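# Summary of structural features
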Amino acid sequence: MTKNKNAVYNKLTVEGEIQTRWICGCFETVDGFFKFCSEHNDAMRKTIEAQIDELDMTRVIKDKNSH
């Protein structure tokens, strides 16, 4: 994967009247994707996966164990 040298990241987040600033290496890209720092990456991955399961957002299309 190549990195865009001109990538712009949203270090500030605005929710209503409240403006917040990330206090670690996490950030949101201008197109709405999130990148998490090494400190938070594992915890956020587990949290997101749990929410995907909780909200039933996926469907099995091929079972790895079936031949």
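All figures in this text were calculated on a predicted structure; none of them were measured in a lab. Starting afresh in each chain, residues are numbered from 1 along the sequence in its written order. Residue-level local features of this predicted model are given only where pLDDT is at least 70; pairs of side-chain atoms are given and counted only at 80 or more, and the full residue set underlies all totals for whole chains, interfaces and linings. Side-chain numbers here rest on the full set of heavy atoms in the structure, without hydrogens or water.

Even without being glycine, aspartate 56 reaches a positive phi, approximately 50 degrees. Helix numbering and strand numbering both begin at the N terminus, where a helix is a DSSP run of H or I of at least 4 residues and a strand a DSSP run of E of at least 2. Locating aspartate 56 in the fold gives a position in the segment after helix H1 (41-54).

Turning to H1, a few remarks are in order. For a helix, the expected span equals 1.5 Å multiplied by the residue count minus one. Counted at 1.5 Å a residue, the expected span for H1 with its 14 residues is 20 Å, and the 20 Å between its end C-alpha atoms agrees. Directly beyond the C-terminal end of H1, a positive phi value near 50 degrees is found at aspartate 56.

Here we take up the packing of aromatic side chains. Only centres within 6.5 Å qualify two rings of Phe, Tyr or Trp (six-membered ring in Trp) as a pair; their planes then separate them into stacked at under 30 degrees, edge-to-face at over 60, and tilted for everything else. According to the stated counting rule, one finds two aromatic pairs in the structure shown. Considering the side-chain rings of tryptophan 22 and phenylalanine 34, the 6.3 Å spacing of their centres and the 70 degrees angle between planes classify their relative orientation as edge-to-face. Taken together, the residues span a long stretch of sequence, with tryptophan 22 in the loop between strand S3 (18-21) and strand S4 (27-29) and phenylalanine 34 in strand S5 (residues 34-35) at a distance of 12 residues. Aromatic pair phenylalanine 34 and phenylalanine 36: ring centres 6.2 Å apart, planes at 5 degrees, arrangement stacked. A relative accessible area of 17% means that phenylalanine 36 is categorised as buried. Each residue is placed in one exposure class: buried if its accessible area under a 1.4 Å probe, protein chains only, is under 20% of its type's maximum, exposed if it is over 50%, and partly exposed if it falls in between.

Further remarks concern the side chain of threonine 29. Locating threonine 29 in the fold gives a position in strand S4. As used in this structure description, the phrase polar contact means that two N or O atoms lie within 3.5 Å; if the pair is within protein, one of them must be able to donate a hydrogen and the other to accept it, and residues adjacent in sequence are counted only when both atoms belong to side chains. Side-chain polar atoms of threonine 29 contact the side chain of aspartate 31, separated by 2.4 Å.

Our focus in this paragraph is the confidence of the model for the protein. Residues at a pLDDT of 70 or more form 73% of the protein, whose mean pLDDT is 80. Here strand S1 (residues 9-10) is the element of the protein with the lowest mean pLDDT, 60, and H1 is the one with the highest, 94. pLDDT expresses how confident the predictor is about each individual residue, on a scale running from 0 to 100.

We now examine the state of the cysteines. In this description, the term disulfide denotes a pair of cysteine sulfurs within 2.5 Å. Under the defined criterion, the tally for this structure stands at zero disulfides. Between cysteine 24, a cysteine without a disulfide, and cysteine 26, which holds the nearest cysteine sulfur, the sulfur-to-sulfur distance is 3.4 Å. For cysteine 24, a relative accessible area of 25% translates into the label partly exposed.

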